[in-house]
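Architecture and fold: a report
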Amino acid sequence: MRKLKIMEHISLDSVIQHSADDGDFPYSDWTSPYRTPAGRDVILAAYGASFDSTAWPAHLRSLVGLLAKGAEQSDGGRPQWATKYVATHRPESLEWGP
Amino acid sequence: MRKVIFAINITVDGCCDHTKQFVDEEKLEYFTHLTREVDLQVFGRKTYQLMVPYWPDVLKNQSETKADTEFARAFDSINKIVFSRSLVGAEDKNTRIVRTNLRDEILKLKQEQGKNILVGGVDIPSQLIELGLVDEYRFVVGPIVAGEGRRLLEGVNLPEKLQLKLVETKIFKSGSVALRYLKQ
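Attention in this report is confined to the structure presented alongside it. (Residues numbered from 1 in each chain as written. Chains lettered and ligands numbered in written order. Predicted model: local features only at pLDDT ≥ 70, side-chain atom pairs only at ≥ 80, totals over all residues.)

**Quick look at the overall build of chain B**
Scanning chain B from terminus to terminus reveals six helices and eight strands. Ordered by position in the sequence, the α and β elements of chain B form the string β-α-β-α-α-α-β-β-α-β-α-β-β-β. Relative to a compact globule of 184 residues, whose C-alpha radius of gyration would be 16 Å, chain B shows 16 Å and is just as compact. Once the C-alpha set of chain B is aligned to its principal axes, its extents read approximately 45 × 35 × 30 Å. The buried share of chain B, taken over its 184 residues, is 32%. A sequence separation of at least 24 residues applies to 73% of the contacts in chain B between residues at least 6 apart. (Helix = DSSP H or I, 4+ residues; strand = E, 2+ residues; numbered from the N terminus. Rg over C-alpha atoms; globule rule 2.2 N^0.38 Å. Buried ≥ 20, exposed ≤ 12 C-beta atoms within 10 Å, placed from the backbone. Contact = placed C-beta atoms within 7 Å.)

**Points about the overall build of chain A**
Helix and strand content of chain A: two helices and two strands. In sequence order, the secondary structure elements of chain A are arranged as α-β-α-β. In chain A, buried positions account for 3% of the 98 residues. Taking all contacts inside chain A whose residues are at least 6 apart in sequence as the whole, residues at least 24 apart take part in 54%.

**Here we look at the interface of chain A and chain B**
Counting residues at the interface gives five residues for chain A, matched by seven residues for chain B. The residue inventory of the side of chain A that touches chain B, partitioned by class, reads three nonpolar, one polar and one charged. (Nonpolar A, V, L, I, M, F, W, Y, C, P; charged D, E, K, R; others polar.)

**Some words on the environment of B:K183**
Residue and element names in this part refer to chain B. Along the chain, K183 falls in strand β8 (residues 177–183). With 47 residues separating them along the chain, K183 and E136 place their C-alpha atoms 6.0 Å apart. With sequence-adjacent residues up to four places away left out, K183 is seen in contact with V134, D135 and L164.

**With respect to the packing of helix α3 (residues 54–61) of chain B against helix α4 (residues 66–77) of chain B**
Residue and element names in this part refer to chain B. Between α3 and α4, the shortest axis-to-axis distance is 8 Å and the interhelical angle comes to 120°. Relative to α4, α3 is oriented oblique. Relative to α4, α3 is oriented so that their crossing is left-handed. Along its contact with α3, which presents W55, P56, V58 and L59, the element α4 presents D68, T69, A72, R73, F75 and D76. Tallied by class, the residues present in the contact of α3 with α4 amount to six nonpolar, one polar and three charged. (Axes fitted to C-alpha atoms, helices over the stretch in contact; angles between N-to-C directions. Parallel < 35°, antiparallel > 145°, perpendicular 65-115°, else oblique. Left-handed = near helix turned anticlockwise from the far one by under 90°.)

**Things to note about the nonpolar core**
Residue and element names in this part refer to chain B. Residues V4, I5, F6, I117, V119 and L128 are the most contacted members of the largest nonpolar core, which totals 42 residues. Counting residues per element, this core draws most heavily on strand β1 (residues 4–11), which supplies five residues. When near neighbours in sequence (up to four residues on either side) are disregarded, I117 contacts R2, V4, I5, V38, L40, V42 and L109. (Core = buried A, V, L, I, M, F, W, Y, C linked by C-beta atoms within 7 Å.)

**Things to note about the pairing of strand β6 (residues 136–142) of chain B**
All names here are of chain B. Burial runs high along β6: five of the seven residues are buried. As paired strands, β1 and β6 are joined by seven bridges and run parallel to one another. Looking across to β6, one finds that N9 is bridged to V140. One ladder, built from six bridges, connects β6 with β8; its direction is antiparallel. Across the sheet, residue V141 finds its bridge partner in β8, namely V177. (Pairing = 2+ DSSP bridges.)

**A word on the pairing of strand β2 (residues 38–44) of chain B**
Residues and elements named next belong to chain B. Along β2, six of the seven residues are buried, which leaves the element largely enclosed by surrounding structure. Both β2 and strand β5 (residues 116–119) contribute to a ladder of four bridges, which runs parallel. Along β5, the bridge assignment pairs Q41 with L118. Sheet topology places β2 next to strand β3 (residues 79–83); five bridges connect them, and they run parallel.

**What about unusual backbone geometry?**
All names here are of chain B. A cis geometry characterises the amide bond from V52 onward to P53, with omega recorded as 15°. Relative to the assigned elements, P53 resides in the loop between α2 (45–51) and α3. A positive phi angle, close to 65°, is found at L153, a residue other than glycine.

**Remarks on helix α6 (residues 123–130) of chain B**
Helical geometry note: an α-helix holds 3.6 residues per turn, so side chains three or four residues apart project in the same direction. All names here are of chain B. Of the residues making up α6, those classed as buried are I124, P125, S126, L128 and I129. Packed against the buried residues of α6 are β1, β2, β3, α5 (102–111) and β5. Looking one or two places after α6, you find G132, whose phi comes out positive at around 75°.

**Re the packing of helix α1 (residues 25–37) of chain B against α4(B)**
Residues and elements named next belong to chain B. At a closest axis distance of 9 Å, the pairing of α1 and α4 adopts a crossing angle of 20°. When the axis of α1 is compared with that of α4, the two are roughly parallel. Judged by the sense of rotation from one axis to the other, the crossing of α1 with α4 is left-handed. Contact residues: α1 offers E25, L28, E29, F31, T32, T35 and R36, while α4 offers A67, D68, E70, F71, A74 and F75. Classifying every residue of the contact of α1 with α4 gives six nonpolar, two polar and five charged.

So this is what it looks like as structure tokens:
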């Protein structure tokens with residue numbers, strides 16, 4: 001059976017919000033300093049050679065942006081070809097790919 | 001100047017409620033070493049009453065594990081301060097009850113000669129963090145997602161994001177991870 005893996009930036013006081021989209025959160029993009037090439041390699045290694053991805057729309061947009069950047073730099077685009085399942089009540093275009 | 005060290009067990013989702021976690025021998029040994037590194041421990045009443053008379057009794061009875069007894073010995077021998085408006089007295093000979101302003105008292109203690117100061121519990125450390133008086137953080141993250149319970153720094157208004165520097169990590173056999181951070 002396939003496994004569900006959760007990967008998340010989380011602060012020591014368990015904050016996972018990283019953008020101000022959802023209100024007046026003052027520390028938008030606080031995860032940026034930790035999105036290093038080494039961090040990206042760890043994530044890619046954890047994803048493995050083959051995976052599908054599920055996410056909320058906003059999260060997926062951010063994930064795809066990150067992975068696309070990784071694809072340009074080192075990994076040959078592997079994660080971009082993963083099938084992504086988006087949980088949403090509002091059908092939107094899927095211009096980001098499969 | 002003496003440093004104020006805040007140490008606590010938390011879960012992966014930041015729950016600091018002790019009833020949602022476990023303490024095994026390795027964790028006890030970690031906290032025994034930490035207790036020996038300081039010469040003063042500071043609490044609020046609630047945490048103090050969780051620790052006393054429980055740990056002094058463990059030392060008296062000698063009926064628990066070696067790790068329990070060693071922690072109890074370290075804990076029993078250290079000087080303690082309890083910040084409380086309601087606690088009438090303390091049986092423990094090494095305990096002093098303080099009713100004055102937390103900030104002023106801690107600033108005074110930091111200036112005194114001695115080893116570092118360990119602060120435990122949730123309410124008093126939260127206030128000290130808010131006041132910018134904590135110099136070092138020791139989080140022991142257990143391999144548990146509690147899903148409920150009080151979270152670290154819940155309700156605390158930090159004047160700004162707290163940037164910490166990771167200086168040490170230790171992985172326990174249980175899957176717990178001890179993280180040691182310094183304030184930058």
